[in-house]
Amino acid sequence: MVLHTPTVVAENFCWVEGPLWVDRLDGLLVSDVKANTIFLLRPPVSEGGAWTREVFLRPSGTSNPHPPGEEHGANGLSLDADGRLLLCSHGERGVFVLDEERWTRRPLVTRVRGRRLNSPNDVTVCPASGAAYLTDPPFGLDDTFDDPRRETDVCGIYRVDAATGAVTLASDALHAPNGIAFSPDGRTAYATNSKPPHGRYVAFDVGADGTFGPPRTLLDTPDATYETGMPDGLAVASDGTVVGGGPGGVYVFSPEGEFQERVDVEPLASNVAFGRGGRSLFVTAGERVVRFEVD
């Protein structure tokens, strides 16, 4: 995989994450977590033109006037097997399904065993089973790991069964699971851990029951801090190449999980998403979104 010189798609956000390319919209959805808004970015209609930006959903995370944290909007975005939008809400501390008209949201999961989730960060759907998987660190809460509103000591990766909606713990092996993605065959899950000094990119074997085996470290980043950037969002290309945002840029791994290179992105590369038939890689980086052409 070759990533060409990045270009700026849009900028002047508060703090943008959660990129998701949606073919039927012919555009990229991004979550401005601090602005409590999801924006739709559309490509220019003519060569040399500018990308357009419009509000897709506001509020995106919560209508609560006193939300539990500065980052109270939606974060991670994904599509379920039926093409409906799934969004992680920091403010409402759950994952929600958005209807086609964007008028109503229904909760996919807000509690596990009667206890509220921390603040779901990322969500994706396993291509083999159709089950949704979410990560649940406490970054959307004011005092994060020490916030008194936490109802569980676990920062888990959870599985939501596509047929029954049953929620089970897939793994509790990471201190602060953040990004999550699957190999094209659904047999391998990839995740990031985002708590210093344990920053790392990992892979899991996916069991027949949907739970994860022990994590295998693909790359450690022991010197990473929240100021310099932590391992964050993940995306997997159709050929199995894994790409992740992280300290200093975008990290590229082979389909076998071998680290290949880091491509610099400033100021902080957080989340990544492929789009436009896999020809583009979109990266959220602080207050802006950049795009790499992909060969």
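Definitions and limits used
Residues numbered from 1 in each chain as written. Predicted model: local features only at pLDDT ≥ 70, side-chain atom pairs only at ≥ 80, totals over all residues. Heavy atoms only, no water. Pairing = 2+ DSSP bridges. Helix = DSSP H or I, 4+ residues; strand = E, 2+ residues; numbered from the N terminus. Axes fitted to C-alpha atoms, helices over the stretch in contact; angles between N-to-C directions. Phe/Tyr/Trp six-rings, centres within 6.5 Å; stacked < 30°, edge-to-face > 60°. Buried < 20%, exposed > 50% of the residue type's maximum accessible area, 1.4 Å probe, protein only. Lys NZ or Arg CZ within 6 Å of the ring centre and 35° of its normal.

> Explanation requested: the pairing of strand β9 (residues 105-109) in the structure shown.
Each regular strand displays side chains that alternate between the two surfaces of the sheet. Two elements, strand β8 (residues 94-98) and β9, share four bridges in a ladder whose sense is antiparallel. Bridged to V97 within β9 is R106. Between β8 and the antiparallel strand that follows it, β9, lie six residues; R102 among them carries a positive phi value of about 65°.

> Would you explain the sheet that holds strand β22 (residues 249-253) in this entry?
Sheets are built from strands that pair by backbone hydrogen bonding, the pairs being arranged parallel or antiparallel. Strand order in the open sheet formed by four strands is β20-β21-β22-β23, with antiparallel pairing between adjacent strands. The two strands at the open ends of the sheet, each matched to only one other strand, are β20 (234-236) and β23 (259-264). The sheet shows a mean angle of 20° between the axes of neighbouring strands, direction not considered. In this sheet, β22 lies alongside strand β21 (residues 242-246) in antiparallel orientation, the contact comprising five bridges. Paired with G246 across the two strands is G249, which belongs to β22.

> It is not clear to me how the packing of aromatic side chains should be interpreted in this structure. Could you clarify?
Each aromatic ring pair is described using two quantities: the centre-to-centre distance and the angle formed by the ring planes. Applying the stated criterion across every chain yields a total of 13 aromatic pairs. Taking 5.3 Å as the distance between ring centres and 35° as the angle between the ring planes, the aromatic pair formed by Y201 and Y251 counts as tilted. In this pair, Y201 sits in strand β18 (residues 200-205) while Y251 sits in strand β22, placing the two residues 50 residues apart along the sequence. On the basis of relative accessible area, Y201 is assigned to the buried category, the value being 1%. Site record: aromatic cluster; members linked through ring pairs are Y133, F182, F204 and F212. Its guanidinium or amino end placed over the ring of F39, R53 lies 5.9 Å from that ring's centre, counting from NZ or CZ.

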